[in-house]
Amino acid sequence: MISGQQTPLEHLTWSIRQSSLIKFYEAAIEQYGTLHLKELSFDQVGPHREMTVDGQHLVNFGFDSFLGLDQDPRVKQALARGAEKWGTQFGASRAFASCAVETALEQKIARWMGTEAAMIFPSVTLTNVGALPGLVGPGDVIAVDEYAHNSIHEGTKIAKAAGVRVLPFKHNNPQSLEQVLIDASPYRVAVIAIDGVYSMSGSIAAMPELNAVAKRRNAVLYIDDAHATAVLGAQGRGTVLESLGSYDNTIVVGCFSKACSVFGAFVACTHELQRLLKMRSSTYIFGGPVPPPYLEAISTVIDILITDDYRQLRDQLDQNIHQLVTGLAELNLIVLGGKSPIITVLVGDEELTFQAGKFLYDRGYYVQSVTFPAVPYHAGVLRIQINSNHLPESIAGLLSAMTEMKRHLPLPEANPDRLEELQFGSDRFVTLDT
Ligand SMILES: Cc1ncc(COP(=O)(O)O)c(C=O)c1O
C-alpha cells in the first residue's frame, strides 16, 4: 500500500519493487540465501585464475577473459603508456573530436578484420542500443533471434519506438527467419540481428543458412560477435569471415572487454556505413569515448592477435576446452557448447542450480549458476568459462568435484528423452545476460 507519508522518492522505490523481475530476484534471495552467490567480491586474483573470497581460496571458472590477456605484461604496459601520453581520458564526444590513437586504431582494426572500416564504441551494449537502431527507420524491419543478447533486444525497443517493425524468429532457425521475412514483406530494408556465439549456451549461429535467407529476402545480417572476438576464426576475427568467406552482406560487432581483456567494442563495416553511423548512432554522438589508455591497450592486443603468440594462447585454450569437454562427456551430463570456451551444463530446477554452484564453490571452484530470467524458467545451467591460463590440474580438480557433485545431487543425465523438456526453447525465455 502507498502510505500518505511516502515521499516521492520512497514512492518511486516502492513502485520499482512491484516489478515482476524484482519480485523474482527478491524471492530467490530470500529462498536460496547464501546459495545464491551473486554478490561475490574477490579480494585477490592470481595468474592462473586463483582468487580469494572472504579468505577462501578458489579457482575462477567465471571469467570472460578467455586468453588470460588481463595478466599479460605487454597489455598492462600499454595501459600505462597510454595514460602517460594522453592522460586518463579524452574529454570530448567523438562527434566533435578524436585523439589520433583512436583513428589509427580504427584503421588497424579494419586491417585485422579485413573490412573497409571500423568504428570504436565504448561497449557492445552501447553499440547495440546506438548503432542497431541507427541502421533502420519507419518502413523497415528488424528480425531478431529470440535468444539474441539482451542489449540487441534493448536496441530493437529503441528502433520500435521510431516506427520500425521488430519481429522475433526462433533461435538459430533459418526456416523461422524466412517465414518471418515472408510474412513481413513488403518492407523497405530488413536487418537480421543475431549473436555469433550465444553467451548462455555457447552455441554458434548457423551463419551460412541465415545468410542465405538474408540474401534471398533482401536483408542484411547484423552480428553481435562479442563472445567470438579473439576466440574464434583466424587471428581471432570471430565467426563471420570463417563461416561466410566474406563480409559482403554483414555488419559485424566485436568486443574488446571479453577475450581481449581490455575495454570497448567496434563495428566492422564499409566506409560508407561508418560515415553514416557516425551521424546516426546516438550513443556514439551523445556519449563519451573509450579512454586513451585502453585504446593503446587494444592496439597491443591486436598486435598479439596477429602474431604466433596468439596461436600459442589459442592452442592452450583449445587444450583446456578439450580437457573439460572430454571429462564432462564421461560424466554423462547434459553439456551445451564446447566449440567456444563457454561450456554449459544443464541442471534445470533453480534451487538445484544454486546448490550445484555452491557445492563446487565449497570445494574451491567457482562457476556461474545461471537461472531465469537469463535462461528459461526451470532450465538453470552451470556456466563454465574456460581460460587459456587455467592450469590442467585446476580443470582436473573441477572435474573431480563435479563427479562428486553428481553423486550428491540429482543432476539430469544426457538422456535424449529429457533433453526436449530442458532445452532452451521456451517461449517464457527473457533475454538478460550477465
Ligand atoms: C553477445 C553479447 N553481446 C554483448 C554483451 C555485452 O558486452 P559489453 O560488456 O561490451 O557491453 C555480452 C556480454 O556478456 C554478450 O554476451
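Rules used throughout
Every chain begins its residue count from 1, and numbering advances along the sequence as written. Only residues with pLDDT of 70 or above have their local features reported here, since the model is predicted, and side-chain atom pairs are shown and tallied only from 80 upward, although totals for entire chains, interfaces and linings are computed over all residues. Each residue gets a C-beta atom placed from its backbone. If that atom is within 6 Å of a molecule or strand, the residue is near it. Residues are grouped as follows: Ala, Val, Leu, Ile, Met, Phe, Trp, Tyr, Cys and Pro are nonpolar; Asp, Glu, Lys and Arg are charged; all remaining types, including Gly, are polar. In this analysis, axes come from line fits to C-alpha atoms, helices being fitted only over the stretch in contact, and the angle between any two N-to-C directions falls in the range 0 to 180 degrees. Helical segments are the DSSP runs of H or I of at least four residues, strand segments are the runs of E of at least two, and each set is numbered from the N terminus. In these notes the angle categories are as follows: under 35 degrees is roughly parallel, over 145 is roughly antiparallel, 65 to 115 is roughly perpendicular, and the rest is oblique. Crossing chirality is assigned from the near helix's rotation relative to the far helix, an anticlockwise turn below a right angle marking it left-handed and a clockwise turn marking it right-handed. Once C-beta atoms are placed from the backbone, any two residues with those atoms within 7 Å are in contact. Criterion used throughout: strands pair if DSSP finds at least two bridges between them. Take the buried Ala, Val, Leu, Ile, Met, Phe, Trp, Tyr and Cys residues, join any whose C-beta atoms are within 7 Å, and the set you get is a nonpolar core. For every residue, the other C-beta atoms within 10 Å of its own C-beta are counted; 20 or more classify it as buried, 12 or fewer as exposed, and values in between as partly exposed. C-beta atoms are placed from the backbone. The split of the chain into domains comes from an automatic or database domain assignment.

Things to note about the site of the ligand
In step 1: Near the ligand lie 14 residues; those nearest to it are Ser123, Val124, Thr125, His149 and Ser199.
In step 2: Its residues assigned to classes, the shell around the ligand shows four nonpolar, seven polar and three charged.

Structural notes on the packing of helix H13 (residues 308–331) against helix H15 (residues 392–408)
In step 1: The contact between H13 and H15 brings their axes to 10 Å, and the two run at 20°. Relative to H15, the element H13 lies roughly parallel. When you trace H13 past H15, the crossing you get is right-handed. When H13 is examined against H15, the residues Asn320, Gln323, Leu324, Gly327 and Leu331 are found in contact with a partner set consisting of Pro392, Ile395, Leu399, Met402, Thr403 and Lys406.
In step 2: Taken together, the residues of the contact of H13 with H15 sort by class into six nonpolar, four polar and one charged.

Examining the sheet that holds strand E8 (residues 219–224)
In step 1: An order of E4-E10-E9-E8-E7-E5-E6 is seen for the seven strands of this open sheet, with the pairing classed as mixed. Lying at the two open borders of the sheet, with one neighbouring strand each, are strand E4 (117–121) and strand E6 (165–169). Strand after strand, the sheet turns through a mean of 20° between neighbouring axes, direction not considered.
In step 2: Pairing between E8 and strand E9 (residues 250–255): four bridges, direction parallel. Across the sheet, tyrosine 222 pairs through a bridge with isoleucine 251, a residue of E9.
In step 3: In this fold helix H6 (residues 150–161) packs onto strand E5 (141–145), E6, strand E7 (190–195) and E8, with an angle of close to 160° to the strand it touches most, E5.

Examining the sheet that holds strand E12 (residues 342–348)
In step 1: Read from one edge of the open sheet, four strands run E11-E12-E15-E14, paired in antiparallel fashion. With partners counted over all chains shown, the strands left at the sheet margins are strand E11 (335–337) and strand E14 (368–370), one partner each. Neighbour-to-neighbour, the strand axes of the sheet open up by a mean angle of 30°, direction not taken into account.
In step 2: Two strands pair when backbone bridges link them, and E11 and E12 are joined in this way by three bridges, in the antiparallel orientation. Across the sheet, leucine 336 pairs through a bridge with threonine 344, a residue of E12.
In step 3: The strands touched by H13 are E11, E12 and strand E15 (380–385); relative to E12, the strand with the most contacts, the crossing angle is about 25°.
In step 4: Along the sheet face, helix H14 (residues 350–362) touches E12, E14 and E15 and points at about 30° away from the line of E15.

Some thoughts on the nonpolar core
In step 1: Judged by nonpolar contacts, the single largest core of 118 residues is most densely connected at Ala143, Ile192, Ala193, Val267, Ile298 and Val301.
In step 2: For this core, the leading source of residues is helix H12 (residues 292–305), giving eight residues.
In step 3: When neighbours within four sequence positions are excluded, valine 267 is seen to be in contact with Ala118, Met119, Phe121, Thr127, Ala131, Ile251, Val253 and Leu277.

Observations regarding the domain arrangement of the protein
In step 1: The domains assigned to the protein are domain 1 (25–60 + 308–422) and domain 2 (73–305).
In step 2: Once you take the C-alpha centre of each, domain 1 and domain 2 turn out to be 28 Å apart.
In step 3: Across the boundary between the two partners, domain 1 contributes 16 residues, which contact 15 residues of domain 2.
In step 4: For the side of domain 1 that touches domain 2, the elements supplying multiple residues, two or more each, are H13, E11, E12 and E15.
In step 5: Top contributing element to the side of domain 1 that touches domain 2 by residue count: E12, with three residues.
In step 6: Taken together, the residues that form the side of domain 1 that touches domain 2 break down as nine nonpolar, four polar and three charged.

Overview of unusual backbone geometry
In step 1: Between serine 185 and the following residue, proline 186, the backbone shows a cis peptide bond with an omega angle of 5°.
In step 2: By the secondary structure assignment, proline 186 is in the loop between helix H7 (174–184) and E7.
In step 3: Of note in the backbone geometry, aspartate 54 takes a positive phi value of approximately 50° without being a glycine.
In step 4: Take aspartate 54: it is sitting in the loop between strand E2 (50–53) and strand E3 (56–60).
In step 5: A positive phi angle, near 60°, is found at serine 261, a position not held by glycine.
In step 6: Within the secondary structure, serine 261 is located in the loop between E9 and strand E10 (265–269).

Considerations on the pairing of E10
In step 1: A large share of E10 lies buried, amounting to five of its five residues.
In step 2: Residue alternation in E10 divides its side chains into two sets, Ala265, Val267 and Cys269 and Phe266 and Ala268, and both sets are buried.
In step 3: Of the strand pairs in this sheet, E4 and E10 are connected by five bridges, and their pairing is antiparallel. Following the sheet pairing, phenylalanine 121 is matched in E10 by alanine 265.
In step 4: In terms of strand pairing, E9 meets E10 through four bridges, oriented antiparallel. Across the sheet, residue glycine 254 finds its bridge partner in E10, namely phenylalanine 266.

Let's talk about the environment of glutamine 89
In step 1: With respect to the element layout, glutamine 89 can be found in the loop between helix H3 (73–86) and helix H4 (100–113).
In step 2: Given 14 C-beta atoms within 10 Å, glutamine 89 falls into the partly exposed group.
In step 3: Residues glutamine 89 and proline 293, 204 residues apart in the sequence, show an inter-C-alpha distance of 7.8 Å.

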